[in-house]
Amino acid sequence: MRSTGPSAPHRTPRVRLPGSRRGRRVFAASVLVAFGAVSAVVQFVGQLFPDLVRRPGWVLAGSVALCLAWGLLRTRPQAAVRQEFARPGMTVVVEEGDLFDQPGHLVVGFTDTFDTLVDDGFVINDTSVQGQLLARRYDGDAARLDAELAAALHGVAPVQRERARDKPRGKRDRYPIGTVAVLGARPRLVFAVAYSRMGTDCVASSSVQDLWVGLDRLWDAVRRHGQLERVTMPLTGAGLARLHDLDEDSLLRLILLSFVVHAWERPLSRELHVVVRPGELGRIDLPETAAFLAGLAASARRPL
């Protein structure tokens, strides 16, 4: 399948005890703390109700069950992470949801050719974020999307033009990685960022370096055009752009780090929402993400 957006099967989030080192630590610590608290309560209640002490098996079983339940409760799956930053004043949210139901500006990944053809799924997969952009923001009107892209790219010189015999399908002008076409109007702009390369076989590919450059240029465009309004984006690079160097956790942290570092230099947006599909959420360790964002927020509070 060819596309620049993520596509993943539905997976139900699970408790991260087996696969998360931090989850195991939280579970073990919670159980130990709960066991200490339950033991103190049992001793106190035993003095008031001595008959309970004569049934140690029941007391022990009940105590263990309570401790385990508390540990599991503490490591239960999350559906969202929210972190407030004092410097600059902003909020970063990672949440499950429908990207196109969100308010504010939208980030959509494109290839360096800014292809839009979804008719047979050969060039762009209609289930990708880019395919959904065409269907849900442009009502399937590819001509209107292409016209807006052409206007936004006016003045940006292509770095190469493919020959028709080499790339018979789709567009042939190639723009620099990191090119951002700003579409639509406020307060619902679309930041179309080229972070992957479209092969002549219409297979998109990217790299960590390409994504980092794309994010760098993206935040510059958001700063110029977004007027600090909310920005929503998918887990860019997680799908059919074939960025295999990073798993979903690492990819998410790269995106968050890029945003926060740029926001420290100059404010970008009061809110960034990274919206992930349920299938992606099952592969992301949200407690680790929360700890990562908390660390960045704490670093921001330290004097320079």
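Here, every reference points to the structure presented above.
Scope of this entry: the structure provided in the associated data block. (Residues numbered from 1 in each chain as written. Predicted model: local features only at pLDDT ≥ 70, side-chain atom pairs only at ≥ 80, totals over all residues. Heavy atoms only, no water.)

The element strand β7 (residues 190-198) is extensively covered by neighbouring structure, given that 8 of its 9 residues are classed as buried. Bridging between strand β6 (residues 180-183) and β7 involves 4 bridges; their strand directions are antiparallel. Looking at the pairing, L183 lines up with V190 of β7. Between β6 and β7, which pair antiparallel in sequence order, lie 6 residues; one of them, G184, sits at a positive phi of approximately 80°. As judged from the 2 bridges shared by β7 and strand β8 (residues 204-205), these two strands associate in the antiparallel manner. Bridge pairing in β8 links M198 to A204. Here β7 hands over to β8 after 5 residues, with C202 in that stretch at a positive phi of 65°. (Buried < 20%, exposed > 50% of the residue type's maximum accessible area, 1.4 Å probe, protein only. Helix = DSSP H or I, 4+ residues; strand = E, 2+ residues; numbered from the N terminus. Pairing = 2+ DSSP bridges.)

Proteins that are soluble and globular tend to have nonpolar side chains buried together. F85, F191, L218, W219, M233, F259 and V274 are the most contacted members of the largest nonpolar core, which has 38 residues in total. Of the residues forming this core, the biggest block, 8 residues, is contributed by helix α6 (residues 248-265). Ignoring anything within four residues of it in the chain, the contact list for F259 reads M90, V92, W219, L268, S269 and L272. Listed in part, the 25 residues of the second largest apolar core include F114, V118, A181 and C202. (Core = buried A, V, L, I, M, F, W, Y, C linked by side-chain atoms within 4.5 Å. Contact = heavy atoms within 4.5 Å.)

Side-chain pairs of opposite charge can arise whenever the charged atoms involved come near each other. Using the criterion set out here, one finds 16 salt bridges in the structure. Salt-bridge contacts for D115 lead to K167; the nearest nitrogen and oxygen are separated by 3.1 Å. Note that D115 is positioned in the loop between β3 (105-111) and α3 (129-137) and K167 in the loop between β4 (160-161) and β5 (173-174), a separation of 52 residues in sequence. Residue D115 is classed as buried on the basis of its relative accessible area, which comes to 1%. When the shortest N-O distance is used, the salt bridge between R186 and E229 registers 2.3 Å. Taken together, the residues span a long stretch of sequence, with R186 in the loop between β6 and β7 and E229 in the loop between α5 (208-225) and β9 (231-233) at a distance of 43 residues. (Salt bridge = Lys/Arg side-chain N within 4 Å of Asp/Glu carboxyl O.)

To continue, consider the pairing of strand β2 (residues 90-96). Burial runs high along β2: 6 of the 7 residues are buried. When strand β1 (residues 80-85) meets β2, the two strands line up antiparallel, connected through 6 bridges. From the neighbouring strand, R82 faces β2, where its bridge partner is V93. The hairpin formed by β1 and β2 contains 4 residues between the paired strands. Relative to strand β10 (residues 271-276), β2 is paired through 6 bridges, and the arrangement is parallel. Bridge pairing links E95 to V275 in β10.

Turning our attention to the packing of aromatic side chains. Here the structure, examined in full by the defined rule, presents 3 aromatic pairs. Between F114 and Y175, the ring centres sit 5.8 Å apart and the planes meet at 80°, which makes this aromatic pair edge-to-face. Taken as a pair, F114 in the loop between β3 and α3 and Y175 in the loop between β5 and β6 lie far apart in primary sequence, 61 residues in all. Each member of the pair, F114 as well as Y175, is classed as buried. Arranged with centres 5.1 Å apart and planes meeting at 70°, the rings of W219 and F259 form a pair that is edge-to-face. You can see W219 sitting in helix α5 and its partner F259 sitting in helix α6, a full 40 residues away along the chain. The residues W219 and F259 share a single accessibility class, namely buried. (Phe/Tyr/Trp six-rings, centres within 6.5 Å; stacked < 30°, edge-to-face > 60°.)

Glancing now at a nonpolar patch on the surface. A surface patch of nonpolar side chains, amounting to about 210 Å² of accessible area, comprises W212, L257 and V261. Positionally, L257 belongs in helix α6. (Patch = residues over 30% accessible without salt bridge, like charges linked within 9 Å, V, L, I, M, F, W, Y side chains within 5 Å. Areas by Shrake-Rupley, 256 points an atom, 1.4 Å probe, with all protein chains shown as cover.)

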